[in-house]
Amino acid sequence: MRLLEGSVLNSVSLAAMAPVPDLEGLHKDSVIEIDYYKLSSVDKNVVLEKMHAAIQALDSDNLRNAKTPHALVLQLFDNKAICDLLIMLSKLPVFSKEFAETLKHNLDLLATAKKLKYFTNLTIGENAILLKNIARYSASPIENMESVIEKLFQDRSICFLKVKDYMKTKPFSMASRYLANDVALELIDPHSVYPTSIYRHCNGWTMANPGSRTIEAVMTTNITTTIKIARDVLAPSNRILAEVYKPLGRCIAVVDDKVEGIYGDALKNYFQSNGIPLTKLIHAGNEVNKDIRNVEAILLNLKNLQVSRHEPVLIVGGGVISDIGGFATALYHRNTPYVMLCTSIVSGIDAGPSPRTCCDGNGFKNHYGSY
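Small disclaimer: the values here were computed from a predicted structure and weren't measured.

The rules behind each value
- Counting from 1, residues in each chain are numbered in the order their sequence is written.
- Residue-level local features of this predicted model are given only where pLDDT is at least 70; pairs of side-chain atoms are given and counted only at 80 or more, and the full residue set underlies all totals for whole chains, interfaces and linings.
- Values shown for side chains rest on all heavy atoms present in the structure; no hydrogens or waters enter the calculation.
- Any two strands with at least two DSSP bridges between them are considered paired.
- Helix and strand definitions here come from DSSP, where helices need a minimum of 4 consecutive H or I residues and strands a minimum of 2 consecutive E residues; each element is numbered from the N-terminal end.
- Think of each axis as a best-fit line through the C-alpha atoms, taken over the contacting stretch in the case of a helix, with angles from 0 to 180 degrees between the N-to-C directions.
- We call Phe, Tyr and Trp rings a pair once their centres come within 6.5 Å, taking the six-membered ring for Trp, and we label the pair stacked below 30 degrees between planes, edge-to-face above 60, and tilted otherwise.
- Using a 1.4 Å probe on the protein chains alone, a residue whose accessible area is under 20% of its type maximum counts as buried, one over 50% counts as exposed, and one in between counts as partly exposed.
- By definition, residues are in contact when any of their heavy atoms lie within 4.5 Å.
- For classification, angles of less than 35 degrees are called roughly parallel, those exceeding 145 degrees roughly antiparallel, those between 65 and 115 degrees roughly perpendicular, and all remaining angles oblique.
- Under the grouping applied here, Gly and all other residues not named as nonpolar or charged are polar, the nonpolar ones being Ala, Val, Leu, Ile, Met, Phe, Trp, Tyr, Cys and Pro and the charged ones Asp, Glu, Lys and Arg.

**Student:** Mind showing me how you'd approach the sheet that holds strand β5 (residues 278-283) here?
**Tutor:** Strand pairing in a sheet is mediated by backbone hydrogen bonds. Such pairs are either parallel or antiparallel. Strand order in the open sheet made by the 4 strands is β5-β4-β6-β7, with parallel pairing throughout. If you trace the sheet from one side to the other, it starts and ends with β5 and β7 (338-342), each paired once. Strand after strand, the sheet turns through a mean of 20 degrees between neighbouring axes, direction not considered. The pairing of strand β4 (residues 251-256) with β5 spans 6 bridges and is classified as parallel. Bridge pairing in β5 links Val-254 to Leu-281.

Written out as structure tokens, the structure reads:
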């Protein structure tokens, strides 16, 4: 078919005469928008002031001389300055660059503050350790705080109880304020009060047309990690691993079979000296063992031990154990955190700090994996 020049011009003229729809305003008023997170903005001066006030409140004879675990809990939480700090952190975007800029002068303090955001879902024992470290990393260590925390862990009925559960069963004067904050967080930041992991934070928004026949949604996940280069990690006096696992009441470790022969006794002695029950899952860490079947074997181990989704698994070894152990935790409960204790250069600079975990399958390298 041949188009005549006049016909083309006529079509263009007709199109130009047709009314142009107002796409920007179309159904604008009837669109439903849901923004799931309404976090507070970060004010550096306010954050530092509240941290300083909380540290001053911690440094008291009443705390050091607390006779019972319940008395210690009251000194830690039934205090306005500490309450102000914890509630403020629970409402802040602690994984954001803005918050990182606020505490970039002290990265240990930053890592501790990120965890305290979730204080209401952490145990009494873990909160005690984190508050101690807020003071310690601010160059204001609390005298005898270590021995006070040790006394707290002697009462398992209290030290392993979540803060929000303790306040419901043994309320005190400021308990109502903490519990009211939990209710508020359901609209401000649900992940603060119902976290799947304190090492990841979700965000998102949703838009829907009338009747919700079409829905558009954006969902994001931020993951935080801490990388430590340290000596004598398995010396009983080193607190890095102990402060992760003592509040959990145990440590489940996936260990390379060759590493077990070298560091097995030191690993056992470390946790025994710190009063932490240790269960070692020994797996081969050769390149030929980087297979989906071995990932499944680790998954079965974790299931049989009833590892919770909040419980960081300790992985000890080189690149292969890092890959298959990390991949297993990524699959378990749709992502369970892990701590990588690297014993080789490959795991220390590649597989360990990398967010990628994987295994081979069907004759193909890194055929299965996760981020």
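Picking up where we left off.
**Student:** What is the right way to look at the packing of aromatic side chains in this model?
**Tutor:** In this description, a pair of aromatic rings is defined by centroid distance and the angle of the planes. The final tally for this structure, using the stated rule, is 5 aromatic pairs. Here the aromatic rings of Phe-119 and Tyr-178 are separated by 5.8 Å at their centres, their planes lie at 65 degrees, and the arrangement is edge-to-face. Of the two residues, Phe-119 sits in the loop between α7 (107-116) and α8 (124-137) while Tyr-178 sits in helix α12 (residues 175-188), which places them 59 residues apart along the sequence. Neither Phe-119 nor Tyr-178 differs from the other in exposure class; each is buried. Between the aromatic rings of Phe-153 and Phe-160, the centroid separation amounts to 6.1 Å while the plane-to-plane angle is 70 degrees, which identifies the pairing as edge-to-face.

**Student:** How should the sheet that holds strand β2 (residues 200-208) be read in this particular structure?
**Tutor:** Read across the open sheet, the 3 strands follow the order β1-β2-β3; overall the sheet is antiparallel. With partners counted over all chains shown, the strands left at the sheet margins are β1 (32-35) and β3 (215-223), one partner each. Averaged over neighbouring strand pairs, the angle between their axes works out to 10 degrees when direction is ignored. The sheet contact formed by β1 and β2 spans 4 bridges and is antiparallel. In the sheet register, Asp-35 faces β2, and the bridge partner there is Trp-205.

**Student:** What exactly am I supposed to notice about the environment of Asn-335 here?
**Tutor:** Residue position: Asn-335 is located in the loop between α17 (319-331) and β7. Its relative accessible area of 16% is what places Asn-335 among the buried residues. Separated by 162 residues in the primary sequence, Asn-335 and Ser-173 place their C-alpha atoms 38 Å from one another. In this structure Asn-335 touches Arg-200, Arg-309, Thr-329, Ala-330 and Tyr-371, once residues within four positions along its chain are discounted.

**Student:** Help me out: how do you make sense of the packing of α8 against helix α9 (residues 145-152) in this one?
**Tutor:** Contact geometry for α8 and α9: axes closest at 10 Å, N-to-C directions at 175 degrees. Taken together, the axis directions place α8 and α9 in an arrangement best described as roughly antiparallel. The residues of α9 that touch α8, namely those facing Ile-124, Gly-125, Ala-128, Ile-129 and Lys-132, are Met-145, Glu-146, Ile-149 and Leu-152. Here the contact of α8 with α9 is built from residues that sort into 6 nonpolar, 1 polar and 2 charged.

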